[in-house]
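Chains, contacts and geometry: an overview
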Amino acid sequence: PMIPTIRRSALLLALAVLAQPALAQTDVTITPSKDVTLYESDQSSPLANGGGESLFVGTTGQVANALRRSLVAFDLEGQIPAGAVVQSAELSLQMTKAPQAAAFDLSLHRMLGDWGEGTSDASGGAPGFQEGDGTTPAEGDATWFDAVLNTVAWQTPGGDFEQEESATTPVGSNGTYVWGTTSEMVSDIQAWVDDPSQNFGWALIGIESSARTVKTFSSRSGASPPSLKVTFTTATNVEDQPAVVGSAGILSSFPNPFTTSTRVEYNVANPGHVRLDVYDTLGRRVSTLANGIHSPGRYAERFDAGDLPNGVYFVRIESGPDSRYRQVVLVR
């Protein structure tokens, strides 16, 4: 149902005024906190390159142990505030060398567990390709079999990652390549912002069914380190129309932003009929949380977003002559 035309116009005007300063958009560009190459190898002779200048993805020309996969992670804490809503994301890597210029699809996959980066360094000789053979792992290194050398083993050799890709980009000759923005990448980063303990970064996987598909990229120790650009918005979790002493008002909503539901606390100053509704930014009522006689006191109701789309919503309380709004932001 819609609110009456006069009331609806007044509400829309109020919402327009309230919505503008409440959301601020910010761009940040972040370099990796760690990145490594996983070198396929015999379990008795693991390889690593934690401190090297290059990352490798694809297959070498070797008959055995030809697979190369790269892992990259970004520390978002201190860069993206808690409660931010991620809008877009782009991962950029500089490709520096390859045995052939043909383009191969390289895909990002969300990592399912943590991993290490040691100080091993296979640099030396011809830049880039010399590192492609790896070297003896150092303490803390990730290898084909271990997430952390001799401490934490992968459940599956070659790394534990989500099979569904988060983004894919064809990579050919030397140059800068970008993955994103995709809804899957945005979802990955939003999950890491909401729960930093689950931020394990991505695996970069190339074509592994053919020989000599390997692509070489600059690592965070190289001349052109990877970068992650994230655009996000922040919402001010404050009273949009503060409650006045002796009147009804919405005291708080938590969490805000929210993913499925939020708890709305409100105050009733005088006995009588109280109505608590939720509207979208077009002034359409999408939910009624309370509609009945209340005694003076403090109350709480839960707004369950159900199948509503992401976006800004407004909780409105009416009690006698009193009317107040609070903004809430839904992000899944």
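Residues numbered from 1 in each chain as written. Predicted model: local features only at pLDDT ≥ 70, side-chain atom pairs only at ≥ 80, totals over all residues. Heavy atoms only, no water.

1. Some words on the overall build of the protein chain
When helices and strands are counted, the protein chain shows 2 helices and 20 strands. Counting every position in the protein chain, which comprises 332 residues, the buried fraction comes to 49%. In the protein chain, the share of contacts with a sequence separation of at least 24, taken over all contacts with a separation of at least 6, comes to 75%. For the protein chain, the computed accessible surface area is about 15,000 Å², with 49% contributed by carbon and sulfur atoms. (Helix = DSSP H or I, 4+ residues; strand = E, 2+ residues; numbered from the N terminus. Buried < 20%, exposed > 50% of the residue type's maximum accessible area, 1.4 Å probe, protein only. Contact = heavy atoms within 4.5 Å. Areas by Shrake-Rupley, 256 points an atom, 1.4 Å probe, with all protein chains shown as cover.)

2. Observations concerning the sheet that holds strand S16 (residues 272–279)
The strands that make up a sheet are held in pairs by hydrogen bonds between backbone atoms, and each pair lies either parallel or antiparallel. Sheet architecture is open: 4 strands sit in the order S17-S16-S19-S20, paired in antiparallel fashion. The open sheet terminates on both sides in strands that have one partner only, identified here as strand S17 (285–294) and strand S20 (322–330). With direction set aside, neighbouring strand axes in the sheet form an average angle of 15°. When S16 meets S17, the two strands line up antiparallel, connected through 8 bridges. By the bridge assignment for S17, Val278 is matched with Ser287. (Pairing = 2+ DSSP bridges. Axes fitted to C-alpha atoms, helices over the stretch in contact; angles between N-to-C directions.)

3. What about the pattern of salt bridges?
The tally for this structure, following the rule as stated, stands at 11 salt bridges. One salt bridge in this structure joins Arg275 and Asp277, with 2.6 Å as the shortest N-O distance. Judged by its relative accessible area of 1%, Asp277 falls in the buried class. Here the salt bridges do not stand alone but share partners, grouping Arg110, Glu162 and Asp188 into one network. (Salt bridge = Lys/Arg side-chain N within 4 Å of Asp/Glu carboxyl O.)

4. A closer look at the sheet that holds strand S14 (residues 249–254)
Reading across the sheet, the 3 strands line up as S14-S15-S18 and stay open at both edges, with antiparallel pairing between neighbours. Edge positions in the sheet fall to S14 and strand S18 (297–304), since each has one partner strand and no second. Neighbour to neighbour, the strand axes of the sheet diverge by 25° on average, direction disregarded. When strand S15 (residues 261–268) meets S18, the two strands line up antiparallel, connected through 8 bridges. Among the inter-strand pairings, Arg263 is bridged to a residue of S18, identified as Arg302.

5. Considering the confidence of the model for the protein chain
For the protein chain, the average pLDDT comes to 86, and 87% of its residues sit at 70 or higher. For residues 2–10, every residue scores under 50 in pLDDT, and the model assigns this stretch 10 contacts once sequence neighbours within four places are set aside. Below a pLDDT of 50 lies the segment residues 12–22, which in the model reaches 17 contacts outside its immediate sequence neighbourhood of four places, other chains included. (pLDDT = per-residue confidence, 0-100.)

6. Points about a negative patch on the surface
A contiguous patch of negative charge, built from Asp105, Glu164, Glu165 and Glu184, is present on the exposed surface. Assignment of secondary structure puts Glu165 in the loop between strand S8 (152–153) and strand S9 (167–171). (Patch = residues over 30% accessible without salt bridge, like charges linked within 9 Å, V, L, I, M, F, W, Y side chains within 5 Å. Lys, Arg positive; Asp, Glu negative; His and termini not counted. Charge placed at Lys NZ, Arg CZ, Asp CG, Glu CD.)

7. Quick word on the packing of aromatic side chains
Applying the stated rule across the entire model yields 6 aromatic pairs. Between Trp179 and Phe217, the aromatic rings sit 6.3 Å apart at their centres with planes inclined by 65°, giving edge-to-face as the arrangement. Of the two residues, Trp179 sits in strand S10 (residues 175–180) while Phe217 sits in strand S12 (residues 215–218), which places them 38 residues apart along the sequence. Trp179 sits in the buried class, given a relative accessible area of 0%. On the numbers, 6.4 Å between centres and 65° between planes, the contact of Phe303 with Tyr313 is edge-to-face. (Phe/Tyr/Trp six-rings, centres within 6.5 Å; stacked < 30°, edge-to-face > 60°.)

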